[in-house]
Amino acid sequence: MAEYVAFNAQHAIDYIKNLVTKDGYDLFDPDQTLSAYEFGDGNLNLVFRISDEQSNSVILKQALPYARCVGESWPLTLDRARIEAEVLLNHCALSPDYTAKVLHHNPEQALTILEDLGHLQILRSAQINAEQFPLLGQHVAHYLSHTGFYNSDFYLTAQDKKAKVSQFTNPELCQITEDLFFNDILREHERNNYPSELQSTVYKLQNNTALHLAIAKLKAKFLSCPQTLLHGDMHSGSIFVDQNTTKMIDPEFGFFGPVGFDIGSFIGNLLLNYCAQNARISEFVTRRNYHTHLLTCLQESYSLFEQEWLTFIAEQTTDNNLKAAGYGEYFMQQVLQDAIGYCGTELIRRTIGLAHVADIDGIEDAQARLDVQRHTLALGEQLVLNAHTCNKKEEFFSLLISQLN
C-alpha cells in the first residue's frame, strides 16, 4: 500500500501522466504537456485543475487528514474521499444528468479524478448576483427523488439495503453535521460565530424550550433513521449550474439518513438567498421579481420531488407491506415535516454557527446585514417550531409566505 502524500500541483501532473501512460486511462493524449494549479477554496480538501495544451481538463480532488478551514488541530478521516467517490458513483448510476462524473478513484491517496465542470457556475455565486435558473427546481427534484427512492426500503431488498448502510457509514463527518445542525446552535460554543448585536436574539432562541424539543426530534431522526443514501451537504455551493444544466458535487458528508434532510437543506439555501436579497437588491420591482423566481423554484422543487416519490412508491415498491394503501402518502407527510424542520435548522446554523454563507456575509452594510440575520433566525425558528403543523405541501408554502412577508 502506497504511503499517503498530500499533493501539490506537480504531484497532480505526475499522477495524471502515470494514469495515462502506464494504466491506459483515456484522460489526455500521452504526448500533451500538462499543467496544473490548486484552486480549492472549500473547508476540507485540496482541488487541482489539470489541463493540456488543447484546453482539455480534469479535476483532481484530494482529502486532507484534517479540516483545511481549521488546520491540523481538527483531524478528519481520509475515508471521506471513498464515501464521496462511492456516493457519486451510486447517484450517477441513478441520475446521470445531474451528478458529477467520477473518472478515477484512489482510496490509498484519498483522491478522486472528476469531470471538469468549470464551464458552469457555482449556484451560490450566481444567486448572489440574482441570476435565475428556471430548470433548477426540476433538476434538483429529479436528482433527489431518483437517488432517494432507489436507495430506499421501498425498492431495495432488506439485505441490499443493510449492506449499503454499512458501506456508507460515515461517523466522523456525520458528527460534524450533528454538531453544526443540532448541537452548537442551542448552546454557547467557540465554533459559533455571530456579531454581538445578535446576542439577545441568540439568547432567546437558545432558551426556547419548545425549540429544544423540536430540534431534539430532528436530531433523533437524523441519528436513527437510515431511509436513503443522502448527498448530506445539499447547499448551493455544492451545485454547478447554467441555464440548461445542473450538476451535484461534493457528497463527502453522504450517509444513510432521513429522506427530508437533503431537500430541506436545499430549500434552506434558497431561503438564505431570498432573505439576503432584501439587502442586496435595492430596486423594489427587481427584488420582487427575483423573490418570485426563488419561491417558484422552491415550490417546484418540492412539488416535483413529492410527485415523483409518490409515483415511484405506487408503481415500483418491491416490499408488499410498504405497498399498503395510504402508506406512501403517510410516508411523504413525514418527509415533508422533516424537510421543513431541517430547512429551519439550516437557516439558523448558517447564521450563527461555524459555516456561514456568502449570500449574507458579503452584505457590506452592517445594519442591513444584521436585519437579514435577524430575519433568517426568526424564519428558521418558526419553520422548526411549526413543521409538525404542515400535513400538505400547500400548508408549508402558506406558512412560508406568512413568515416572509
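None of these values were measured; they are calculated from a predicted model. (Residues numbered from 1 in each chain as written. Predicted model: local features only at pLDDT ≥ 70, side-chain atom pairs only at ≥ 80, totals over all residues. Heavy atoms only, no water.)

Peer 1: Describe the overall build of the chain, and please don't skip the residues or the numbers.
Peer 2: For the chain, the count of helices and strands is 14 helices and 12 strands. Seen through its C-alpha atoms, the chain measures out along the principal axes to roughly 60 × 55 × 40 Å. Looking at the chain as a whole, 55% of its 405 residues are labelled buried. Considering only residue pairs separated by 6 or more positions, the chain has 72% of its internal contacts joining residues 24 or more positions apart. By element, 48% of the accessible surface of the chain is carried by carbon and sulfur atoms, the whole surface being about 17,300 Å². Separation between the mean location of the 29 positive side-chain charges and that of the 50 negative ones in the chain comes to 5 Å. (Helix = DSSP H or I, 4+ residues; strand = E, 2+ residues; numbered from the N terminus. Buried < 20%, exposed > 50% of the residue type's maximum accessible area, 1.4 Å probe, protein only. Contact = heavy atoms within 4.5 Å. Areas by Shrake-Rupley, 256 points an atom, 1.4 Å probe, with all protein chains shown as cover. Lys, Arg positive; Asp, Glu negative; His and termini not counted. Charge placed at Lys NZ, Arg CZ, Asp CG, Glu CD.)

Peer 1: Let's hear about the pattern of salt bridges: which residues, and what values?
Peer 2: Tallied over the full model, the rule gives 19 salt bridges. For the salt bridge of Lys393 with Glu306, the shortest nitrogen-to-oxygen distance reads 3.1 Å. Of this pair, Lys393 sits in helix 14 (residues 393–404) while Glu306 is found in helix 10 (residues 284–316), placing the two residues 87 residues apart along the sequence. Residues Lys393 and Glu306 agree in their burial class; the two are buried. For Arg350, the salt bridge identified is with Glu346, shortest N-O distance 3.0 Å. With a gap of 4 residues between them, Arg350 and Glu346 both fall in helix 11 (residues 327–352), about one helical turn apart. Grouping residues by exposure puts Arg350 and Glu346 together as buried. One salt-bridge network, held together by shared partners, links Lys61, Arg80, Glu84, Asp250 and Glu252. (Salt bridge = Lys/Arg side-chain N within 4 Å of Asp/Glu carboxyl O.)

Peer 1: Would you mind going over the UniProt feature "binding site: substrate" (unreviewed entry) in the chain in detail, with residue names and values included?
Peer 2: Taking the UniProt record as the reference, the feature "binding site: substrate" (unreviewed entry) is found at Asp233 and Arg349. A maximum C-alpha distance of 13.2 Å among these annotated residues, which run over 117 residues, shows that they cluster at one spot. Here Asp233 lies in the loop between strand 9 (228–229) and strand 10 (239–241). Look past the residues within four positions of Asp233 in its chain and what remains in contact with it is Ser238, Asp250, Phe253, Asp262, Arg349 and Arg350. (UniProt positions renumbered as here; feature names shortened; annotations may be inferred.)

Peer 1: Mind laying out the pairing of strand 6 (residues 102–106), listing which residues take part and the relevant values?
Peer 2: Relative to strand 7 (residues 111–115), strand 6 is paired through 4 bridges, and the arrangement is antiparallel. In the strand pairing of strand 7, His105 is matched with Thr112. Hairpin connection between strand 6 and strand 7: a loop of 4 residues separates the two successive antiparallel strands, and Ala110 in this loop has a positive phi of roughly 50°. (Pairing = 2+ DSSP bridges.)

Peer 1: Help me get a handle on the packing of helix 4 (residues 136–149) against helix 10, residues and values and all.
Peer 2: Contact geometry for helix 4 and helix 10: axes closest at 8 Å, N-to-C directions at 30°. When the axis of helix 4 is compared with that of helix 10, the two are roughly parallel. For the crossing formed where helix 4 meets helix 10, the hand is right-handed. In this structure, helix 4 uses Leu136, Gly137, Gln138, Ala141, His142, Leu144, Ser145, His146, Gly148 and Phe149 to contact helix 10, whose residues at the interface are Cys297, Glu300, Ser301, Leu304, Phe305, Glu308, Trp309, Phe312, Ile313 and Gln316. When its residues are assigned to classes, the contact of helix 4 with helix 10 shows 10 nonpolar, 8 polar and 2 charged. (Axes fitted to C-alpha atoms, helices over the stretch in contact; angles between N-to-C directions. Parallel < 35°, antiparallel > 145°, perpendicular 65-115°, else oblique. Left-handed = near helix turned anticlockwise from the far one by under 90°. Nonpolar A, V, L, I, M, F, W, Y, C, P; charged D, E, K, R; others polar.)

Peer 1: How would you explain empty space enclosed by the protein if you had to name every residue and give the values?
Peer 2: Per the counting criterion, the structure on display carries 3 cavities of 30 Å³ or more. In this structure, the largest cavity is lined by His91, Tyr143, Leu144, Thr147, Gly148, Thr228, Leu229, Leu230, His231, Val259, Asp262 and Phe305. Those elements that place two or more of their residues in the lining of the largest cavity are helix 4 and strand 9. Classifying every residue of the lining of the largest cavity gives 6 nonpolar, 5 polar and 1 charged. (1 Å grid on protein atoms, 1.4 Å probe; cavity = no way out; pocket = protein on both sides within 12 Å on 5 of 7 lines; lining within 4 Å. Points joined across faces, edges and corners; volume = space filled by probe spheres on them.)

Peer 1: Tell me what's going on with the environment of Ala67, and back it up with residues and numbers.
Peer 2: Structurally, Ala67 can be placed in strand 4 (residues 66–67). Residue classification places Ala67 among the buried positions, given a relative accessible area of 1%. Sequence-wise, Ala67 and Glu190 are 123 residues apart; in three dimensions their C-alpha atoms are separated by 16 Å.

Peer 1: A description of the UniProt feature "binding site: ATP" (unreviewed entry) in the chain should follow, citing residues and the corresponding values.
Peer 2: According to UniProt, the feature "binding site: ATP" (unreviewed entry) maps to Asn45, Lys61, Glu115, Asp116, Leu117, Asp250, Pro251 and Glu252 in the numbering used here. Mapped onto the elements, Lys61 comes out in strand 3 (residues 57–63). Taking the relative accessible area as the measure of exposure, Lys61 reaches 8% and is therefore buried. At a separation of 2.8 Å, a polar atom in the side chain of Lys61 contacts the side chain of Glu84. (Polar contact = N/O pair within 3.5 Å; in protein donor to acceptor, adjacent residues only side chain to side chain.)

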